[in-house]
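Examining the three-dimensional arrangement
Chain by chain, the residues:
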Amino acid sequence: MEPSLAARALSAATEITTTALSGEDPGAVLGSVVRHAVELAGADLGLVMVRAEGGGVVVESAHGPDTEGLLGLELPIDSAAGQVAAGGEPVVAEDFTNDPRTSPYVPERLRHFGPFAAAPFGSGGRLLGALTVYRQRGAEPFSATTVDVLTAFAAQAGVVLALAEGASARHRVTLYQERERIARELHDVIVQRLYAAGMQLDRVRKRMTTRFARGDGARLGEAIDQLDQTIDEIRGTVRALRAPTPEHAEPPRTAATDLAESARGEVRTAGELLGFPPTLELSGELADIPAERADHIRAALREALSNVVRHSGASQTRVTLERDAAGLRLRVRDNGCGVPRDVAQRGLRHLAERAEAAGGKFYLNSSPSLGTLVAFDLPLD
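Residues numbered from 1 in each chain as written. Predicted model: local features only at pLDDT ≥ 70, side-chain atom pairs only at ≥ 80, totals over all residues. Heavy atoms only, no water.

Here we take up the sheet that holds strand β11 (residues 371–378). If you trace the five strands from one edge of the open sheet to the other, you get β7-β8-β9-β11-β10, paired in mixed fashion. In the strand order of this sheet, the two ends are held by β7 (279–283) and β10 (361–367), each with one partner. The mean inter-strand angle of the sheet, taken between neighbouring strand axes irrespective of direction, is 5°. Bridge analysis of strand β9 (residues 327–334) against β11 gives seven bridges, and the strand direction is antiparallel. Paired with R331 across the bridge in β11 is A375. On top of the sheet, helix α6 (residues 259–274) reaches β7, β8 (317–324) and β9; it is set at about 170° to β7, its chief contact. (Pairing = 2+ DSSP bridges. Helix = DSSP H or I, 4+ residues; strand = E, 2+ residues; numbered from the N terminus. Axes fitted to C-alpha atoms, helices over the stretch in contact; angles between N-to-C directions. Contact = heavy atoms within 4.5 Å.)

Structure follows, in structure tokens:
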């Protein structure tokens, strides 16, 4: 093997490795691979072909003086490039338009080329496709030494690109996890604080004398409406953060949630607004609840406690949260006047819809003499 050619191949492989692992766009990396292949082989045209779903190969990158119309060109699995991409040996032809191994599959766009060589792009379980090079018809065929160098270069470049795609996938997983963390922070902390502030303002508005009702009372009402709108917008942002991005893989499953800690936070907030601490009873393992299930329970608890604060006039409130073989069971009981008929029950309707969509059950029992019971059951499977 010619030392100068080997040194150039090593330098090219090193450059591609650095580019690929730095997070460069895969398309740019493929362009670098095929450009170096053309230079190493002394070719007029180079193509990177990747395996297609139907078993053939598709041109993903091209380098040469005239590559128009080549990107997206598909060859069948019986073609030389298709056989190489499927795990075959390198193929070399002095004139691929006349060689019986290659001539049946020469596209019209490539018929003015003659000398041809195809090498596997990648190796073993990381075989991505085929790397092919061409010279104009009548030019000197590719030497055995050149083909050996091209084959070694194509194998290494393909493996590097596969490893880089793996690193990119791991990076996407990290991004998904960070998005989930931000979403949870918005949901658990920011929304809870806004909710508490809105409830406090609402209580202040209701306690104001009629002398201030038209002025300050109206402004307080507007502030409460703005807080409610802000909470809705943040929840929309949370949903967007948790939604999978359209490209590449699906996001990983979100981490488990400590539902006991979340319940304590909700009850603590309600206690500040009620002026007395609700009783909280927890049972079962609540530290590893799937995030999506935990969100449903948290929403039910928040809505139930919100109704106690707003409408019940209760002096006692009891929250029980249990995990058993059937799933999660939430109960919120108070000794107040029940849910008034003349108030909007949109939040309670949303809980019923949420329970139905999640395969759970929701029911409400309310009367002026017995108080209110809100029940929300959710399976974990």
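Moving on, we come to the sheet that holds strand β1 (residues 45–51). Adjacent strands of a sheet form backbone hydrogen bonds with each other and so pair up, either parallel or antiparallel. With antiparallel pairing, six strands are arranged side by side in an open sheet as β3-β2-β1-β6-β5-β4. Strand pairing shows two members of the sheet lacking a second neighbour, β3 (74–75) and β4 (91–93), which therefore form its edges. Pairing between β1 and strand β2 (residues 57–63): six bridges, direction antiparallel. Considered in β2, the bridge of G46 is made with H63.

Moving on, we get to the confidence of the model for the protein. For the protein, the mean per-residue pLDDT works out to 76, and 64% of the residues sit at or above 70. Here helix α5 (residues 210–242) is the element of the protein with the lowest mean pLDDT, 60, and β9 is the one with the highest, 95. Within the model, the stretch residues 166–171 combines pLDDT values under 50 with zero contacts to residues more than four positions away or in other chains. This model gives residues 246–254 a pLDDT under 50, and the stretch forms 13 contacts once residues within four places in sequence are excluded. (pLDDT = per-residue confidence, 0-100.)

This brings us to empty space enclosed by the protein. Scanning the entire structure with this criterion turns up two cavities of 30 Å³ or more. Taken as a whole, the largest cavity encloses approximately 90 Å³ of empty space. Its residues assigned to classes, the lining of the largest cavity comprises 10 nonpolar, two polar and no charged. There is about 70 Å³ of room inside the second largest cavity. Among the secondary structure elements, those contributing two or more residues to the lining of the second largest cavity are α7 (291–312), β9 and β11. The greatest single-element share of the lining of the second largest cavity, amounting to five residues, is contributed by α7. (1 Å grid on protein atoms, 1.4 Å probe; cavity = no way out; pocket = protein on both sides within 12 Å on 5 of 7 lines; lining within 4 Å. Points joined across faces, edges and corners; volume = space filled by probe spheres on them. Nonpolar A, V, L, I, M, F, W, Y, C, P; charged D, E, K, R; others polar.)

This part takes up the pairing of β1. Across the seven residues that make up β1, a large majority, six, are buried. Taken together, the six bridges between β1 and strand β6 (residues 129–136) define a ladder with antiparallel strand orientation. Looking across to β6, one finds that L45 is bridged to Y134. (Buried < 20%, exposed > 50% of the residue type's maximum accessible area, 1.4 Å probe, protein only.)

Right, let's talk about the side chain of S61 for a bit. In this fold, S61 is placed in strand β2. Look past the residues within four positions of S61 in its chain and what remains in contact with it is L30, G31, V34, G46, L47, V48 and L71.

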